[in-house]
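The primary structure of each chain is shown beneath.
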Amino acid sequence: MKRIAILFSGEGTNMQTLIQKLHPDRVSIVATITNNPKAKGITRSQALGIEPIIIDHREFESRKSFDTKLVQVLKNLNLDLVVLAGFMRILSPVFTTQIKAINIHPSLLPAHKGANAIQKSYESSDRYAGVTTHFVTEELDSGNIIMQKRFEKQGMDFEAFETMIHQCEYEIFAPSVLKALEIL
Ligand code: GAR
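Residues numbered from 1 in each chain as written. Predicted model: local features only at pLDDT ≥ 70, side-chain atom pairs only at ≥ 80, totals over all residues. Heavy atoms only, no water.

S.K.: Sorry if this is basic, but what is going on with the site of the ligand here?
M.R.: Every residue lining the ligand is accounted for by Glu11, Gly12, Thr13, Asn14, Gly86, Met88, Ile104, His105, Pro106, His166 and Glu169. Contact between the ligand and glycine 12: an oxygen atom at 2.7 Å from a main-chain N or O atom of the residue. Take histidine 105: an N or O atom from its side chain is 3.4 Å from a nitrogen atom of the ligand. Counting residues per element, the ones that place at least two in the shell around the ligand are helix H1 (13-22), strand S5 (101-105) and helix H6 (158-180). Here the residues of the shell around the ligand sort into three nonpolar, six polar and two charged. (Near = heavy atom within 4 Å. Polar contact = N/O pair within 3.5 Å; in protein donor to acceptor, adjacent residues only side chain to side chain. Helix = DSSP H or I, 4+ residues; strand = E, 2+ residues; numbered from the N terminus. Nonpolar A, V, L, I, M, F, W, Y, C, P; charged D, E, K, R; others polar.)

What follows is the structure in structure tokens.
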């Protein structure tokens, strides 16, 4: 059985969906990890029987020292893949050169990289919006694409748009994990 860990920072709904769809039949989710002790996702993970590991980035003096700790914890778990599910930290080469990871991003990359992508995509004049899963590299939101799902955004208000983005995420994330693990 392939072993993965999921990293999150906030709501954790993508993490929740991955646990529900994959664990424990398809993939063993051996840990969930957050940098945010107040993340709402903590209770979502607990409710599904996985006690999250909390590594508060504010307790570290630099990005590099936080990443060093994170890499050490991940390496000890003996993983096949790390999955970033709304993990809102920019990762340094300490992480990207040592850990095989994938990420989900709420836009049709390469459009709208970085923070506030849902807002940026909603406000753009693009005909289509959507979501992307991709491998993590040193350059933010730029690694090889695993899957995308798009929709026509014409006439939607922001709330409907955001709901559609999350629905697309929940649809492609689990198959993307299996694809990255080469078991789909
Ligand atoms: C998701 O929409 C995810 O795509 C986005 O954060 C949200 C997390 O929601 N990630 C990024 O913007 C990464 N740059 P969740 O905590 O409910 O899964």
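Okay, back to it.
S.K.: Sorry if this is basic, but what is going on with the sheet that holds strand S3 (residues 53-54) here?
M.R.: The strands that make up a sheet are held in pairs by hydrogen bonds between backbone atoms, and each pair lies either parallel or antiparallel. Strand order across the open sheet formed by seven strands is S3-S2-S1-S4-S5-S6-S7, with mixed pairing between neighbours. Every other strand in the sheet has two partners, leaving S3 and strand S7 (145-152) as the edge strands with one partner each. Pairing of strand S2 (residues 28-34) with S3 involves two bridges; the strand directions are parallel. By the bridge assignment, isoleucine 33 is partnered in S3 with isoleucine 53. (Pairing = 2+ DSSP bridges.)

S.K.: Even after reading the chapter, I still don't get the environment of serine 176, so can you show me in this structure?
M.R.: With respect to the helices and strands, serine 176 occurs in helix H6. Overall, serine 176 belongs to the buried group, its relative accessible area being 0%. Spatially, the C-alpha atoms of serine 176 and leucine 81 are 12 Å apart, while their sequence positions differ by 95 residues. (Buried < 20%, exposed > 50% of the residue type's maximum accessible area, 1.4 Å probe, protein only.)

S.K.: Is there a simple way to explain the environment of aspartate 126 in this structure?
M.R.: Residue placement: aspartate 126 occurs in the loop between helix H5 (117-123) and strand S6 (128-135). Along the sequence, aspartate 126 and leucine 184 sit 58 residues apart, while their C-alpha atoms lie 31 Å from each other. Leaving out residues up to four positions away in the same chain, aspartate 126 has contacts with His112 and Lys153. Of note is the side chain of aspartate 126, whose polar atom sits 2.9 Å from the side chain of histidine 112. Here serine 124 takes part through its side chain, which lies 3.0 Å from a polar atom of the side chain of aspartate 126. (Contact = heavy atoms within 4.5 Å.)

S.K.: What am I meant to see in the pattern of salt bridges here?
M.R.: Under the criterion given, the structure shown has five salt bridges. A salt bridge links aspartate 56 to arginine 58, with the nearest nitrogen and oxygen atoms 3.0 Å apart. For aspartate 56, a relative accessible area of 10% gives the class buried. Two residues, glutamate 171 and lysine 149, come together in a salt bridge whose shortest N-O distance is 3.2 Å. Residue glutamate 171 is located in helix H6, and its partner lysine 149 is located in strand S7; the two are separated by 22 residues in the primary sequence. (Salt bridge = Lys/Arg side-chain N within 4 Å of Asp/Glu carboxyl O.)

S.K.: What am I meant to see in the nonpolar core here?
M.R.: Within soluble globular proteins, side chains that are nonpolar generally end up buried alongside one another. Among the nonpolar cores identified, the biggest contains 33 residues, and Ile4, Ile6, Val83 and Val177 are the most heavily contacted of them. Among the secondary structure elements, those contributing two or more residues to this core are strand S1 (3-8), H1, strand S4 (81-84), S5, S6, S7 and H6. Ranked by residue count, the leading element in this core is H6, at nine residues. Excluding residues that lie within four positions of it along the chain, isoleucine 4 makes contacts with Val27, Ser28, Ile29, Val30, Ala31, Leu79, Leu81, Val83, Val177 and Leu181. Within the second largest apolar cluster, 20 residues are counted, among which are Val82, Phe87, Leu91 and Val94. (Core = buried A, V, L, I, M, F, W, Y, C linked by side-chain atoms within 4.5 Å.)

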